[in-house]
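# Notes for the structure review
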Number of protein chains: 2
Amino acid sequence: MNAKASATGCQIVDCTIRDGGLVNNWDFSVEFVQDLYSSLNEAGVEYMEIGYKNSPKLLKGADSAGPWRFLDDDFLRKVIPQKLDTKLSALVDIGRVDENDILPREESLLDLIRVACYIQDVDKALALVELFHERGYETTLNIMALSNVMEHQLLEAFKEIAKSKVDTVYIVDSYGSLTPADFSLLIDKFRKYLPKKRLGVHTHNNMQLAFANTLIAVDKGVELLDASVYGMGRAAGNCPTELLLANLKNPKYNVRPALDMIDKHMIPLREKEEWGYIIPYMVTGMLDEHPRSAMALRSTADKDKSVDFYDKLTTPEVAHGN
Amino acid sequence: MNAKASATGCQIVDCTIRDGGLVNNWDFSVEFVQDLYSSLNEAGVEYMEIGYKNSPKLLKGADSAGPWRFLDDDFLRKVIPQKLDTKLSALVDIGRVDENDILPREESLLDLIRVACYIQDVDKALALVELFHERGYETTLNIMALSNVMEHQLLEAFKEIAKSKVDTVYIVDSYGSLTPADFSLLIDKFRKYLPKKRLGVHTHNNMQLAFANTLIAVDKGVELLDASVYGMGRAAGNCPTELLLANLKNPKYNVRPALDMIDKHMIPLREKEEWGYIIPYMVTGMLDEHPRSAMALRSTADKDKSVDFYDKLTTPEVAHGN
């Protein structure tokens, strides 16, 4: 017999639409999103991140994207005419959100607004968080690319965060470069400096560690766990929601509706779109850098020439100008 | 920056041909095997398991299999005319090996013979191990399906093993059902009862934990780590060799030759043959059972009907006769 991970107090935030939209330019049908919502609700998943709430006015090339990139409250009411137990979340990026677009919570279907930023923009992110907090939302601050942050930057950010009204602070492994040992140390550090905040983790699967890193978070009582059905997310994707449902010890979790979603929607979608453990993404993960170069490679005829790609990224004068 | 795992004293046993042969009926060309051998050698991998050394006389349906299923010493000399630093290994199964086929080590290219068995056959396996040990080989005892073993069976086996001449004892997660926490406990237990033996781990990737489970073994100083290039192995496959090479802290390891092998051979092979994170294998992993039912499903038109498959395995009167 194997042992399930005790998960009292952990909640799942499914990011299939939001992070998966980075794969297919948010080209999900309304039926897909409705099926996902009812599947996640039936599976016992606590939150569904249904997209970004950035403003199309503040982003170039926005016209071609599906509606989940710029969530509109009226549209959302048509998609989800009946709220179920699963709460709804949206992500915003610093400098890309128009705060006038964010209704007071009682007028919106959204429950949670998450603000993503790099370490140097924590001040700006916290200002947004305070605003959304005042409008009644649950809030999280998602600090991206933590593997590229120096200690003194992090300690400085902790001081600001500790004073703020943000509910939950996320450790985001944007490049999929962190191991369970790295996560363990980071979680301990966040707990030490932010003892009054709840924590969250957002993992990427470049080195097949997204689920294992999330299990470490479960073990340490991290409150919010990001995941995506069938792991759908940018590049190597995220921690698979179905693995959390199958392995976390919580009587309300049920993997079956997630399998149903996979059979009906994710398997056909994966035939058309690509994400997961793919060698160029493994290479950017091991080198602890953004997957954008690997994503560019995968759209060319050389997509499987991983040695050439590796050589390019590891030749100092080419990769970094030395 | 991410942190590499300190790996002093760990050695890699690449099982691509042996375990991967379970995927393609050992249909690897001589060129493939030669390229793999030189790649592994250049990458710094310590052992290559080049196949099974079972006897075709003792196995049904043996005619159709490639030569790596029944290694012949003369044939092996043609494939590997020049031994390099990477040692060669073969696996045998209880009841399927003819001991007359095993030459004295000085007449063979093989360095290591591993004996696989279930817990109830540890006595038989140890008798074989003693024989191979006397003929000069390094030896391992690979106890399969440990997730299905009761404590008293295991303690009984430990007594026999402690008295034997076997060099290394393997913890084998045959069903890919174990988590890092499970592996951690098992390794501690093996160390406690077998303090004079070296340990090894063989993982399967049904729940995307093969690499993470191997990292736990590295952390605990386990001496032999099984892996396969691009994870090729039965059903969900094994811990990917390239991930160990990229992440273990040992100056002699080099991931580049493994990437080369992937570009040249594994990507085209994966187009024809199937292994890896595939939902029915995840289901047998989470249910802690042999993947044979999932392998059977994958060869039918219903291969992606994972909900039906899950229902069948979890309906008590159907699955277990109650």
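Described below are features of the structure shown in this document. Remember, it's a predicted structure, so these values are computed and weren't measured experimentally.

### Overview of the overall build of chain A
- When its secondary structure is counted, chain A shows 13 helices and 10 strands.
- The C-alpha atoms of chain A give a radius of gyration of 19 Å, which matches the 20 Å a tight globule of 322 residues would have.
- Principal axes of the C-alpha set define a box for chain A whose edges measure 55 × 55 × 45 Å.
- Counting every position in chain A, which comprises 322 residues, the buried fraction comes to 62%.
- The contacts in chain A between residues at least 6 apart in sequence include a share of 75% that link residues at least 24 apart.
- Counting only carbon and sulfur atoms, one obtains 49% of the accessible surface of chain A, whose full area is about 12600 Å².
- Looking at chain A, you have 37 positive and 48 negative side-chain charges, and the mean spots of the two groups are 3 Å apart.

### Quick notes on the relation of the copies chain A and chain B
- Screw-axis analysis of chain A against chain B gives a translation of 0.0 Å along the axis, an RMSD of 0.0 Å, and a rotation angle of 180°. Interpreted geometrically, this transformation is the action of a two-fold axis.
- When the interface residues of chain A are mapped onto chain B, 100% of them again fall at the interface, so both copies present the same face.

### Some thoughts on the pattern of salt bridges
- Counted according to the given criterion, the structure contains 44 salt bridges over all chains.
- Put simply, aspartate 304 of chain B and arginine 298 of chain B hold a salt bridge, and the shortest N to O gap is 2.9 Å.
- Each member of the salt-bridge network shares a partner with another, and the members are Arg18, Asp19, Glu49, Arg114 and Asp226 of chain A.

### A short note on the environment of tryptophan 68 of chain A
Residues and elements named next belong to chain A.
- Tracing the backbone shows tryptophan 68 in the loop between strand E3 (47–52) and helix H3 (73–79).
- Along the backbone, tryptophan 68 and isoleucine 216 are 148 residues apart, and their C-alpha atoms lie at a distance of 31 Å.
- Excluding anything up to four places from it in sequence, tryptophan 68 contacts Ile17, Trp26, Phe28, Ser29, Val30, Val33, Ile50, Gly51, Tyr52, Phe75 and Val79.

### Comments concerning the packing of aromatic side chains
Residue and element names in this part refer to chain A.
- Inspection of every chain in the model, using the stated rule, returns 14 aromatic pairs over all chains.
- Ring plane angle 10° and centroid distance 5.3 Å describe the contact between phenylalanine 158 and tyrosine 193, whose orientation is recorded as stacked. Note that phenylalanine 158 is positioned in helix H5 (residues 151–163) and tyrosine 193 in helix H6 (residues 180–193), a separation of 35 residues in sequence.
- We classify tyrosine 193 as partly exposed; its relative accessible area is 34%.
- Taken together, the ring pairs connect Phe158, Phe190 and Tyr193 into an aromatic cluster.
- We note arginine 270 situated over the ring of tryptophan 275; from NZ or CZ to the ring centre the distance is 5.4 Å.

### Notes on the pairing of strand E2 (residues 11–14) of chain A
Residue and element names in this part refer to chain A.
- Strand direction decides the pairing type here: E2 and strand E9 (residues 224–227), joined by four bridges, are parallel. Within E9, the residue paired with aspartate 14 across the bridge is alanine 227.
- Two strands pair when backbone bridges link them, and E2 and E3 are joined in this way by two bridges, in the parallel orientation. Within E3, the position partnered with aspartate 14 by the bridge is methionine 48.

### What about the sheet that holds strand E3 (residues 47–52) of chain B?
All names here are of chain B.
- Taken in spatial order, the eight strands close into a barrel running E2-E3-E4-E5-E6-E7-E8-E9, and their pairing is parallel. With direction set aside, neighbouring strand axes in the sheet form an average angle of 25°.
- Pairing of strand E8 (residues 198–202) with strand E9 (residues 224–227), which is carried by two bridges, proceeds in the parallel orientation. Bridge pairing in E9 places valine 201 opposite leucine 225.

What counts, and at which threshold
- Residues numbered from 1 in each chain as written.
- Chains lettered and ligands numbered in written order.
- Predicted model: local features only at pLDDT ≥ 70, side-chain atom pairs only at ≥ 80, totals over all residues.
- Heavy atoms only, no water.
- Helix = DSSP H or I, 4+ residues; strand = E, 2+ residues; numbered from the N terminus.
- Rg over C-alpha atoms; globule rule 2.2 N^0.38 Å.
- Buried < 20%, exposed > 50% of the residue type's maximum accessible area, 1.4 Å probe, protein only.
- Contact = heavy atoms within 4.5 Å.
- Areas by Shrake-Rupley, 256 points an atom, 1.4 Å probe, with all protein chains shown as cover.
- Lys, Arg positive; Asp, Glu negative; His and termini not counted.
- Charge placed at Lys NZ, Arg CZ, Asp CG, Glu CD.
- Least-squares fit on C-alpha atoms with pLDDT ≥ 70 in both.
- Salt bridge = Lys/Arg side-chain N within 4 Å of Asp/Glu carboxyl O.
- Phe/Tyr/Trp six-rings, centres within 6.5 Å; stacked < 30°, edge-to-face > 60°.
- Lys NZ or Arg CZ within 6 Å of the ring centre and 35° of its normal.
- Pairing = 2+ DSSP bridges.
- Axes fitted to C-alpha atoms, helices over the stretch in contact; angles between N-to-C directions.

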